[in-house]
Amino acid sequence: MMNMKRIIVASSILSADFAQLVSDISMMEKAGVDWIHIDVMDGHFVPNITIGPVVVEALRKITNLFFDIHLMITNPEKYWGNFQKAGANLITFHSEIQYDKRKLIENIKLSGAKVGVSIKPKTSVSEIRDLLPYVDLVLVMTVEPGFSGQSFMSDMIHKIKELRKIIDKNTYNCIIEVDGGINVQTAKICIKAGANVLVSGNYIFASNNPSKAVRSLTP
Ligand code: DX5
Ligand code: ZN
């Protein structure tokens, strides 16, 4: 999907000032982030409500950066199409949903968007093992989804390592993304374990030098 060698930095706009989204995104662009990570929450799958397709559509007009949409919603099958039309480049849904996941992957792929599947901290790799040949990306949550600014859960590292082994052994065309509590220290650990994409919200946005913060995450 992407150059596997280079680490991708995706900045999560959940940590942005929502009254200044345009300038915050342009700041991220200048800081050198590769992707914009957009956290979609429905108040049901997670205890928070955030961004819908109308916001994505508006933001699509102000940047050409890759939009990485993280759907933390109970019914992604009902809404992914609206995000795709709004300009999503990658649509990641959660493995804990009830809908037929093979069908969802197939449909998202047919739309031309990239597709990812995510696992919450309590979900094991075995739950998504069978989906790995079909997805472009697997997202390992390193915090309980719902809020930015939480601490990294180090016991998620073994899942990154396990996924890296399976993906390499079978030469699957799937990259590994990590999300939650990523900073200069935890980024290093995740890269060493085999992650390709680092989502970072609080660490980049709280920094007084975003370019430096972005650079500090990658080797
Ligand atoms: C958590 C979200 C994350 C979060 C990351 O539910 O999926 O993307 O915004 O923020 P930080 O980097 O602050 O943990
Ligand atoms: Zn996220």
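*Asks:* Explain the sheet that holds strand β8 (residues 197-200) to me, using residue names and the numbers behind them.
*Replies:* Think of a sheet as strands paired side by side through backbone hydrogen bonds, with each pair either parallel or antiparallel. Reading around the barrel, the 8 strands line up as β1-β2-β3-β4-β5-β6-β7-β8 and close back on themselves, with parallel pairing between neighbours. Taking the axes of each pair of neighbouring strands and ignoring which way they run, one obtains an average angle of 25° across the sheet. Sheet strands in contact with helix α3 (residues 76-86) are β2 (35-41), β3 (66-72) and β4 (90-94), and its direction is about 160° off that of β3.

*Asks:* Tell me about the packing of aromatic side chains, and name the residues and values.
*Replies:* This model, assessed by the stated rule, comprises 1 aromatic pair. With a centroid separation of 4.3 Å and 25° between ring planes, the pair formed by W35 and F66 is classed as stacked. Taken together, the positions of W35 in strand β2 and F66 in strand β3 put the pair 31 residues apart, joining distant regions of the chain.

*Asks:* Would you mind going over the side chain of D136 in detail, with residue names and values included?
*Replies:* You can see D136 is positioned in the loop between β5 (114-119) and β6 (137-141). In this structure D136 is buried but unpaired, with K114 as the nearest side chain of opposite charge at 4.4 Å. In terms of polar contacts, D136 uses its side chain to reach the backbone amide nitrogen of V115, at 2.8 Å.

What counts as what
Position numbers for residues count from 1 along each chain, tracking the sequence in the order it is written. Working convention: letters from A go to chains and numbers from 1 go to ligands, in the order in which they are written. Per-residue local features of the predicted model are confined to residues with pLDDT of at least 70, and side-chain atom pairs are confined, for both listing and counting, to 80 or more; whole-chain, interface and lining totals are unaffected and use all residues. For the side-chain quantities, the full set of heavy atoms in the structure was used; hydrogens and water were omitted. DSSP-based pairing: two strands are paired if at least 2 bridges between them are found. Numbering of helices and strands runs from the N terminus; a helix is a DSSP stretch of H or I covering at least four residues, while a strand is a stretch of E covering at least two. Axis lines are fitted through C-alpha atoms, for helices just across the contact stretch, and the angle between N-to-C directions can take any value from 0 to 180 degrees. Two residues qualify as a contact provided that any one of their heavy atoms is within 4.5 Å of a heavy atom in the partner residue. The pairing test for Phe, Tyr and Trp rings, Trp by its six-membered ring, is centres within 6.5 Å, and the orientation test on the planes gives stacked under 30 degrees, edge-to-face over 60, and tilted for anything in between. Three labels apply to residues, based on accessible area from a 1.4 Å probe with only protein chains included: buried if under 20% of the type maximum, exposed if over 50%, partly exposed otherwise in between. Charge counting treats Lys and Arg as positive and Asp and Glu as negative, with His and both chain ends excluded. In what follows, salt bridge is the name for a side-chain nitrogen of Lys or Arg lying within 4 Å of a carboxyl oxygen of Asp or Glu. Polar contacts, as counted here, are pairs of nitrogen or oxygen atoms within 3.5 Å of one another; within protein the pair requires one atom able to donate a hydrogen and one able to accept it, and residues that are adjacent in sequence qualify only if both atoms are side-chain atoms.

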